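Listed below are the residues making up each chain.
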Amino acid sequence: MQRALCRATQRSRSLSSSRRHASTLLVAEHDGTKLSEGTLAAITACAQMKPITLLVGGSAEMAATAAKADGVDAVQFVDNDALNHGVAEEWAPLVEGIAKTGFTHVVAGASSFSKGLFPRVSALLDVAQVSDIIDVKSEDTFVRPIYAGNALATVKSEDAIKVVTVRPTSFDKAAAEGGSAAVSAAAVDFSATGTTTWISEEVAKSDRPELASAKTVISGGRGLKTGDNFAMLDSLALKLNAAVGASRAAVDSGMCPNDMQVGQTGKVVAPDLYVAVGISGAIQHLAGMKDSKTIVAINKDPEAPIFQVADYGLVDDLFKAVPELESKLP
Ligand SMILES: Cc1cc2nc3c(=O)[nH]c(=O)nc-3n(C[C@H](O)[C@H](O)[C@H](O)COP(=O)(O)OP(=O)(O)OC[C@H]3O[C@@H](n4cnc5c(N)ncnc54)[C@H](O)[C@@H]3O)c2cc1C
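Residues numbered from 1 in each chain as written. Predicted model: local features only at pLDDT ≥ 70, side-chain atom pairs only at ≥ 80, totals over all residues. Heavy atoms only, no water.

**Q** Can you walk me through the overall build of the protein chain in this structure?
**A** The helix and strand inventory of the protein chain stands at 10 helices and 15 strands. The C-alpha radius of gyration computed for the protein chain amounts to 22 Å, which stays within 12% of the reference 20 Å derived for 330 residues, consistent with globular compactness. Its C-alpha atoms give the protein chain principal-axis dimensions of roughly 65 × 60 × 35 Å. By the burial criterion, 45% of the 330 residues in the protein chain qualify as buried. Taking the intrachain contacts of the protein chain between residues at least 6 apart in sequence as the baseline, contacts between residues at least 24 apart amount to 63%. For the protein chain, the exposed area adds up to about 16800 Å²; of that, 51% sits on carbon and sulfur atoms. One way to put it: in the protein chain the 31 positive side-chain charges average out to a point 8 Å from where the 38 negative ones average out. (Helix = DSSP H or I, 4+ residues; strand = E, 2+ residues; numbered from the N terminus. Rg over C-alpha atoms; globule rule 2.2 N^0.38 Å. Buried < 20%, exposed > 50% of the residue type's maximum accessible area, 1.4 Å probe, protein only. Contact = heavy atoms within 4.5 Å. Areas by Shrake-Rupley, 256 points an atom, 1.4 Å probe, with all protein chains shown as cover. Lys, Arg positive; Asp, Glu negative; His and termini not counted. Charge placed at Lys NZ, Arg CZ, Asp CG, Glu CD.)

**Q** For this particular structure, what's the right way to read helix H10 (residues 318-328)?
**A** Along an α-helix, residues three or four positions apart point the same way, because every turn accommodates 3.6 residues. When we look at burial in H10, the residues that qualify are Leu318, Ala321, Val322 and Glu326. Summarising the axial view, the buried residues of H10 lie within an arc of 125 degrees, below the 170-degree limit, and thus occupy one face. Residues of H10 that are exposed and point more than 90 degrees away from the buried face comprise Ser327 and Lys328. If you follow the buried residues of H10, they end up packed against helix H6 (230-240), strand E13 (273-277), strand E14 (294-299) and strand E15 (312-315). The distance from a side-chain oxygen at the start of H10 to the backbone nitrogen of Phe319 is 2.8 Å, and the residue carrying that oxygen is Asp317. (Arc of directions from axis to C-beta. Polar contact = N/O pair within 3.5 Å; in protein donor to acceptor, adjacent residues only side chain to side chain.)

**Q** It is not clear to me how the sheet that holds E15 should be interpreted in this structure. Could you clarify?
**A** Hydrogen bonding along the main chain pairs the strands of a sheet, whether they run parallel or antiparallel. Across the sheet, five strands lie side by side as E12-E11-E13-E14-E15; this open sheet has parallel pairing. Strand pairing shows two members of the sheet lacking a second neighbour, strand E12 (243-246) and E15, which therefore form its edges. Strand-to-strand, the axes of this sheet are offset by a mean angle of 15 degrees, without reference to chain direction. In the sheet, strand E11 (residues 216-220) pairs with E13 via five bridges, with the strands oriented parallel. Counted as the bridge partner of Val217 is Tyr274 from E13. Sheet contacts for H6: E11, E12 and E13; angle to E11, the most-contacted strand, approximately 170 degrees. (Pairing = 2+ DSSP bridges. Axes fitted to C-alpha atoms, helices over the stretch in contact; angles between N-to-C directions.)

In C-alpha coordinates form, the structure reads like this:
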(Lines give C-alpha, C1' and ligand atoms only; values in the text may rest on other atoms or scores of the structure.)
Protein backbone atom coordinates (compact mmCIF):
# COMPACT_ATOMS: atom_id res chain seq x y z
CA MET A 1 0.00 0.00 0.00
CA GLN A 2 2.77 2.34 1.09
CA ARG A 3 4.71 1.50 -2.06
CA ALA A 4 1.62 1.90 -4.19
CA LEU A 5 0.99 5.32 -2.70
CA CYS A 6 4.59 6.22 -3.15
CA ARG A 7 4.50 5.20 -6.79
CA ALA A 8 1.30 7.15 -7.30
CA THR A 9 2.87 10.25 -5.76
CA GLN A 10 5.98 9.87 -7.84
CA ARG A 11 3.86 9.40 -10.92
CA SER A 12 1.80 12.48 -10.23
CA ARG A 13 4.97 14.42 -9.52
CA SER A 14 6.56 13.39 -12.75
CA LEU A 15 3.31 14.09 -14.63
CA SER A 16 2.95 17.51 -13.06
CA SER A 17 6.57 18.34 -13.68
CA SER A 18 6.35 17.26 -17.34
CA ARG A 19 3.08 19.17 -17.65
CA ARG A 20 4.82 22.28 -16.37
CA HIS A 21 7.39 22.00 -19.10
CA ALA A 22 5.12 21.15 -22.02
CA SER A 23 5.57 23.51 -24.89
CA THR A 24 4.04 22.94 -28.29
CA LEU A 25 5.29 24.03 -31.69
CA LEU A 26 2.24 23.93 -33.95
CA VAL A 27 3.06 24.11 -37.64
CA ALA A 28 0.39 26.31 -39.21
CA GLU A 29 -1.19 25.63 -42.56
CA HIS A 30 -2.80 28.59 -44.30
CA ASP A 31 -3.79 29.89 -47.71
CA GLY A 32 -2.14 33.31 -47.27
CA THR A 33 -5.21 34.84 -45.69
CA LYS A 34 -6.51 32.43 -43.06
CA LEU A 35 -5.48 29.40 -41.03
CA SER A 36 -6.72 26.01 -42.22
CA GLU A 37 -9.53 24.26 -40.39
CA GLY A 38 -7.04 21.49 -39.53
CA THR A 39 -4.74 24.00 -37.80
CA LEU A 40 -7.68 25.41 -35.81
CA ALA A 41 -8.64 21.87 -34.75
CA ALA A 42 -5.03 21.16 -33.76
CA ILE A 43 -5.05 24.24 -31.48
CA THR A 44 -7.97 22.68 -29.58
CA ALA A 45 -6.20 19.31 -29.45
CA CYS A 46 -3.16 20.97 -27.85
CA ALA A 47 -5.11 22.47 -24.93
CA GLN A 48 -3.30 20.09 -22.53
CA MET A 49 0.10 20.88 -24.08
CA LYS A 50 0.30 24.62 -23.68
CA PRO A 51 1.85 27.07 -24.29
CA ILE A 52 1.29 26.85 -28.04
CA THR A 53 3.66 28.58 -30.44
CA LEU A 54 2.36 28.71 -33.99
CA LEU A 55 5.02 28.48 -36.69
CA VAL A 56 3.87 30.41 -39.75
CA GLY A 57 5.73 30.23 -43.04
CA GLY A 58 4.65 33.50 -44.59
CA SER A 59 4.48 37.25 -44.23
CA ALA A 60 4.26 39.31 -41.03
CA GLU A 61 0.72 40.13 -42.13
CA MET A 62 -0.29 36.44 -42.19
CA ALA A 63 1.45 35.96 -38.84
CA ALA A 64 -0.65 38.79 -37.36
CA THR A 65 -3.82 37.14 -38.66
CA ALA A 66 -2.73 33.79 -37.19
CA ALA A 67 -2.03 35.47 -33.84
CA LYS A 68 -5.74 36.20 -33.47
CA ALA A 69 -6.57 32.49 -33.21
CA ASP A 70 -8.02 31.75 -29.81
CA GLY A 71 -5.72 29.61 -27.66
CA VAL A 72 -2.42 30.47 -29.35
CA ASP A 73 0.22 31.92 -27.02
CA ALA A 74 2.91 33.00 -29.49
CA VAL A 75 3.53 33.17 -33.22
CA GLN A 76 6.90 32.81 -34.87
CA PHE A 77 7.09 33.44 -38.59
CA VAL A 78 9.62 32.94 -41.36
CA ASP A 79 9.01 34.97 -44.49
CA ASN A 80 10.71 33.15 -47.33
CA ASP A 81 9.29 32.21 -50.74
CA ALA A 82 10.82 28.73 -50.49
CA LEU A 83 8.26 27.93 -47.79
CA ASN A 84 5.31 28.68 -50.06
CA HIS A 85 3.43 25.66 -51.45
CA GLY A 86 4.49 23.39 -48.58
CA VAL A 87 7.67 21.92 -50.07
CA ALA A 88 8.52 19.41 -47.33
CA GLU A 89 12.26 19.32 -48.08
CA GLU A 90 12.50 23.04 -47.27
CA TRP A 91 10.22 22.92 -44.26
CA ALA A 92 11.69 19.85 -42.52
CA PRO A 93 15.08 21.27 -41.40
CA LEU A 94 13.35 24.50 -40.35
CA VAL A 95 10.84 22.69 -38.12
CA GLU A 96 13.60 20.44 -36.76
CA GLY A 97 15.76 23.45 -35.88
CA ILE A 98 12.98 25.34 -34.12
CA ALA A 99 11.71 22.19 -32.36
CA LYS A 100 15.13 21.78 -30.77
CA THR A 101 14.95 25.22 -29.16
CA GLY A 102 12.97 23.76 -26.24
CA PHE A 103 9.68 22.35 -27.51
CA THR A 104 8.26 19.09 -26.14
CA HIS A 105 5.64 18.66 -28.88
CA VAL A 106 5.60 19.33 -32.62
CA VAL A 107 2.05 19.22 -33.93
CA ALA A 108 0.02 19.87 -37.08
CA GLY A 109 -3.40 19.04 -38.46
CA ALA A 110 -3.33 15.80 -40.47
CA SER A 111 -3.28 16.88 -44.13
CA SER A 112 -1.34 16.24 -47.33
CA PHE A 113 1.13 18.90 -46.18
CA SER A 114 1.84 17.31 -42.80
CA LYS A 115 1.82 13.81 -44.29
CA GLY A 116 4.77 14.91 -46.41
CA LEU A 117 6.52 16.97 -43.77
CA PHE A 118 6.12 15.25 -40.41
CA PRO A 119 7.77 11.90 -41.20
CA ARG A 120 10.80 13.91 -42.37
CA VAL A 121 10.78 15.98 -39.18
CA SER A 122 10.45 12.80 -37.08
CA ALA A 123 13.38 11.21 -38.86
CA LEU A 124 15.54 14.32 -38.39
CA LEU A 125 14.66 14.41 -34.68
CA ASP A 126 15.10 10.62 -34.46
CA VAL A 127 11.70 10.09 -32.84
CA ALA A 128 8.58 8.06 -33.73
CA GLN A 129 5.63 10.00 -35.11
CA VAL A 130 2.13 9.58 -33.68
CA SER A 131 -0.22 10.08 -36.65
CA ASP A 132 -3.80 11.21 -36.99
CA ILE A 133 -4.78 11.31 -33.32
CA ILE A 134 -8.46 11.54 -32.38
CA ASP A 135 -8.05 12.12 -28.62
CA VAL A 136 -5.46 13.40 -26.16
CA LYS A 137 -5.38 11.43 -22.90
CA SER A 138 -2.41 13.32 -21.47
CA GLU A 139 0.72 15.08 -22.67
CA ASP A 140 2.27 11.81 -23.75
CA THR A 141 -0.71 9.52 -24.42
CA PHE A 142 -2.86 9.77 -27.52
CA VAL A 143 -5.62 7.75 -29.21
CA ARG A 144 -5.43 6.98 -32.92
CA PRO A 145 -7.45 4.77 -35.27
CA ILE A 146 -5.73 1.77 -36.87
CA TYR A 147 -6.81 -0.88 -39.40
CA ALA A 148 -8.86 1.63 -41.44
CA GLY A 149 -10.67 2.82 -38.32
CA ASN A 150 -11.65 -0.65 -37.08
CA ALA A 151 -9.60 -0.45 -33.88
CA LEU A 152 -8.43 2.38 -31.65
CA ALA A 153 -4.86 2.31 -30.34
CA THR A 154 -3.90 4.25 -27.22
CA VAL A 155 -0.27 5.16 -27.71
CA LYS A 156 2.16 6.43 -25.09
CA SER A 157 5.15 8.24 -26.55
CA GLU A 158 8.33 8.26 -24.52
CA ASP A 159 10.22 10.37 -27.01
CA ALA A 160 11.67 13.62 -25.72
CA ILE A 161 9.93 15.50 -28.52
CA LYS A 162 6.52 14.16 -29.51
CA VAL A 163 5.70 14.58 -33.19
CA VAL A 164 1.95 14.38 -33.60
CA THR A 165 -0.64 14.98 -36.33
CA VAL A 166 -4.26 15.66 -35.40
CA ARG A 167 -7.35 14.38 -37.23
CA PRO A 168 -9.25 17.64 -37.94
CA THR A 169 -12.73 16.11 -37.73
CA SER A 170 -12.14 14.83 -34.18
CA PHE A 171 -11.68 18.20 -32.47
CA ASP A 172 -13.73 21.41 -32.41
CA LYS A 173 -12.12 24.22 -34.35
CA ALA A 174 -10.61 26.99 -32.23
CA ALA A 175 -12.08 30.42 -33.01
CA ALA A 176 -10.02 32.25 -35.64
CA GLU A 177 -10.60 35.53 -33.80
CA GLY A 178 -10.40 36.54 -30.16
CA GLY A 179 -6.77 35.74 -29.31
CA SER A 180 -3.84 38.14 -29.18
CA ALA A 181 -0.62 36.13 -29.27
CA ALA A 182 2.79 37.79 -29.36
CA VAL A 183 4.26 37.78 -32.88
CA SER A 184 7.97 37.58 -33.66
CA ALA A 185 10.17 36.64 -36.59
CA ALA A 186 11.68 33.22 -35.82
CA ALA A 187 15.29 33.57 -34.69
CA VAL A 188 16.70 31.18 -37.28
CA ASP A 189 18.97 31.51 -40.25
CA PHE A 190 16.71 30.04 -42.89
CA SER A 191 18.17 29.54 -46.30
CA ALA A 192 16.52 27.44 -48.96
CA THR A 193 18.23 24.18 -49.87
CA GLY A 194 16.74 24.27 -53.36
CA THR A 195 16.78 20.46 -53.63
CA THR A 196 13.11 20.45 -54.55
CA THR A 197 11.29 23.23 -56.32
CA TRP A 198 7.57 23.84 -56.65
CA ILE A 199 6.72 24.23 -60.33
CA SER A 200 2.95 24.47 -60.72
CA GLU A 201 -0.34 23.22 -59.43
CA GLU A 202 -3.78 22.43 -60.77
CA VAL A 203 -6.43 23.28 -58.26
CA ALA A 204 -9.94 21.96 -58.75
CA LYS A 205 -12.25 24.97 -58.48
CA SER A 206 -15.66 24.63 -56.93
CA ASP A 207 -18.18 27.03 -55.49
CA ARG A 208 -19.52 24.26 -53.26
CA PRO A 209 -18.41 24.06 -49.59
CA GLU A 210 -15.03 22.45 -48.92
CA LEU A 211 -15.36 18.66 -48.61
CA ALA A 212 -13.51 18.19 -45.32
CA SER A 213 -15.49 20.85 -43.45
CA ALA A 214 -18.94 20.73 -45.12
CA LYS A 215 -21.94 20.04 -42.88
CA THR A 216 -23.50 17.90 -45.60
CA VAL A 217 -21.64 15.64 -48.05
CA ILE A 218 -23.15 13.75 -50.98
CA SER A 219 -20.82 11.14 -52.43
CA GLY A 220 -21.12 9.08 -55.56
CA GLY A 221 -19.57 5.72 -56.38
CA ARG A 222 -19.16 3.37 -59.29
CA GLY A 223 -22.95 3.04 -59.42
CA LEU A 224 -23.06 6.50 -61.06
CA LYS A 225 -21.47 4.86 -64.14
CA THR A 226 -20.14 8.05 -65.82
CA GLY A 227 -18.63 11.36 -64.79
CA ASP A 228 -21.49 13.22 -66.48
CA ASN A 229 -23.93 11.58 -64.10
CA PHE A 230 -22.25 13.39 -61.20
CA ALA A 231 -24.20 16.45 -62.41
CA MET A 232 -27.16 14.79 -60.75
CA LEU A 233 -25.36 14.88 -57.39
CA ASP A 234 -24.17 18.47 -58.01
CA SER A 235 -27.71 19.59 -58.51
CA LEU A 236 -28.88 17.87 -55.30
CA ALA A 237 -25.85 19.31 -53.47
CA LEU A 238 -26.79 22.81 -54.57
CA LYS A 239 -30.16 22.47 -52.86
CA LEU A 240 -28.63 21.08 -49.67
CA ASN A 241 -25.59 23.41 -49.65
CA ALA A 242 -23.52 20.22 -49.62
CA ALA A 243 -20.06 19.25 -50.82
CA VAL A 244 -19.74 16.43 -53.35
CA GLY A 245 -17.40 13.51 -52.64
CA ALA A 246 -16.64 10.22 -54.34
CA SER A 247 -15.43 6.69 -53.78
CA ARG A 248 -12.06 5.59 -55.03
CA ALA A 249 -13.71 3.47 -57.71
CA ALA A 250 -15.33 6.65 -59.08
CA VAL A 251 -12.00 8.49 -58.98
CA ASP A 252 -9.96 5.64 -60.47
CA SER A 253 -12.36 5.26 -63.36
CA GLY A 254 -11.92 8.95 -64.19
CA MET A 255 -15.44 10.03 -63.25
CA CYS A 256 -14.16 12.75 -60.92
CA PRO A 257 -10.91 14.29 -59.66
CA ASN A 258 -8.79 12.73 -56.94
CA ASP A 259 -9.38 15.51 -54.41
CA MET A 260 -13.03 14.42 -54.16
CA GLN A 261 -12.08 11.00 -52.80
CA VAL A 262 -13.39 10.07 -49.36
CA GLY A 263 -11.75 7.23 -47.47
CA GLN A 264 -8.58 5.75 -46.10
CA THR A 265 -6.47 7.08 -48.95
CA GLY A 266 -8.62 10.15 -49.51
CA LYS A 267 -10.21 12.68 -47.19
CA VAL A 268 -11.68 11.89 -43.80
CA VAL A 269 -15.00 13.66 -43.32
CA ALA A 270 -17.47 13.72 -40.43
CA PRO A 271 -20.37 15.92 -41.54
CA ASP A 272 -23.82 16.10 -39.93
CA LEU A 273 -25.24 14.30 -42.97
CA TYR A 274 -23.44 11.95 -45.38
CA VAL A 275 -25.37 10.63 -48.37
CA ALA A 276 -23.72 7.67 -50.14
CA VAL A 277 -25.11 7.13 -53.62
CA GLY A 278 -24.16 3.99 -55.56
CA ILE A 279 -21.36 3.18 -53.09
CA SER A 280 -20.99 -0.39 -51.81
CA GLY A 281 -19.39 0.59 -48.49
CA ALA A 282 -15.97 -1.04 -48.68
CA ILE A 283 -13.97 -0.86 -45.46
CA GLN A 284 -11.55 1.66 -47.02
CA HIS A 285 -14.43 3.98 -47.90
CA LEU A 286 -16.04 3.65 -44.46
CA ALA A 287 -12.71 4.68 -42.88
CA GLY A 288 -13.30 8.16 -44.30
CA MET A 289 -16.94 8.74 -43.38
CA LYS A 290 -18.23 6.48 -40.65
CA ASP A 291 -17.98 9.20 -37.98
CA SER A 292 -20.64 11.22 -39.84
CA LYS A 293 -23.57 12.03 -37.56
CA THR A 294 -26.25 10.67 -39.90
CA ILE A 295 -25.55 8.39 -42.85
CA VAL A 296 -28.00 7.85 -45.69
CA ALA A 297 -27.39 5.21 -48.37
CA ILE A 298 -29.04 4.79 -51.74
CA ASN A 299 -28.11 1.49 -53.37
CA LYS A 300 -29.99 -1.03 -55.45
CA ASP A 301 -28.28 -3.98 -53.70
CA PRO A 302 -29.93 -4.71 -50.33
CA GLU A 303 -26.85 -6.71 -49.31
CA ALA A 304 -24.42 -3.79 -49.84
CA PRO A 305 -22.24 -3.33 -46.70
CA ILE A 306 -23.03 0.40 -46.66
CA PHE A 307 -26.43 -0.47 -45.18
CA GLN A 308 -24.68 -1.79 -42.05
CA VAL A 309 -23.51 1.73 -41.16
CA ALA A 310 -26.42 3.70 -42.66
CA ASP A 311 -28.98 5.27 -40.33
CA TYR A 312 -31.40 5.51 -43.26
CA GLY A 313 -31.17 3.29 -46.32
CA LEU A 314 -33.10 3.21 -49.56
CA VAL A 315 -32.88 0.11 -51.77
CA ASP A 316 -33.59 1.59 -55.16
CA ASP A 317 -32.13 2.53 -58.52
CA LEU A 318 -30.23 5.75 -57.93
CA PHE A 319 -31.15 7.12 -61.36
CA LYS A 320 -34.76 7.13 -60.21
CA ALA A 321 -34.28 7.89 -56.51
CA VAL A 322 -31.93 10.89 -56.74
CA PRO A 323 -34.08 13.01 -59.12
CA GLU A 324 -37.14 12.11 -57.08
CA LEU A 325 -35.41 13.14 -53.84
CA GLU A 326 -34.36 16.43 -55.41
CA SER A 327 -37.84 17.15 -56.72
CA LYS A 328 -39.23 16.79 -53.19
CA LEU A 329 -36.78 19.26 -51.66
CA PRO A 330 -37.84 22.90 -51.42
C1 LIG B 1 -5.24 0.20 -49.92
C2 LIG B 1 -6.59 0.59 -50.42
C3 LIG B 1 -7.04 1.87 -50.17
C4 LIG B 1 -8.31 2.27 -50.59
N5 LIG B 1 -8.75 3.54 -50.31
C6 LIG B 1 -10.01 3.88 -50.65
C7 LIG B 1 -10.54 5.17 -50.31
O8 LIG B 1 -9.86 6.03 -49.75
N9 LIG B 1 -11.82 5.43 -50.66
C10 LIG B 1 -12.63 4.53 -51.29
O11 LIG B 1 -13.79 4.85 -51.56
N12 LIG B 1 -12.14 3.33 -51.64
C13 LIG B 1 -10.86 2.99 -51.34
N14 LIG B 1 -10.39 1.77 -51.72
C15 LIG B 1 -11.21 0.95 -52.65
C16 LIG B 1 -12.29 0.16 -51.97
O17 LIG B 1 -11.78 -1.09 -51.56
C18 LIG B 1 -13.46 -0.10 -52.96
O19 LIG B 1 -12.96 -0.71 -54.12
C20 LIG B 1 -14.20 1.16 -53.38
O21 LIG B 1 -14.54 1.91 -52.25
C22 LIG B 1 -15.45 0.77 -54.13
O23 LIG B 1 -16.08 1.91 -54.63
P24 LIG B 1 -17.63 1.90 -54.93
O25 LIG B 1 -18.38 1.57 -53.71
O26 LIG B 1 -17.94 3.17 -55.65
O27 LIG B 1 -17.75 0.75 -56.06
P28 LIG B 1 -18.38 -0.68 -55.95
O29 LIG B 1 -17.83 -1.46 -54.83
O30 LIG B 1 -18.30 -1.24 -57.32
O31 LIG B 1 -19.91 -0.40 -55.61
C32 LIG B 1 -20.82 0.21 -56.46
C33 LIG B 1 -22.17 0.12 -55.79
O34 LIG B 1 -23.12 0.80 -56.58
C35 LIG B 1 -24.33 0.09 -56.55
N36 LIG B 1 -25.08 0.42 -57.76
C37 LIG B 1 -24.73 0.15 -59.05
N38 LIG B 1 -25.66 0.66 -59.90
C39 LIG B 1 -26.62 1.24 -59.11
C40 LIG B 1 -27.83 1.91 -59.40
N41 LIG B 1 -28.24 2.12 -60.67
N42 LIG B 1 -28.55 2.37 -58.37
C43 LIG B 1 -28.15 2.18 -57.07
N44 LIG B 1 -27.00 1.54 -56.76
C45 LIG B 1 -26.24 1.09 -57.76
C46 LIG B 1 -23.93 -1.37 -56.49
O47 LIG B 1 -24.96 -2.15 -55.92
C48 LIG B 1 -22.68 -1.31 -55.62
O49 LIG B 1 -22.99 -1.55 -54.25
C50 LIG B 1 -9.13 1.37 -51.31
C51 LIG B 1 -8.67 0.07 -51.55
C52 LIG B 1 -7.42 -0.30 -51.12
C53 LIG B 1 -6.95 -1.70 -51.40
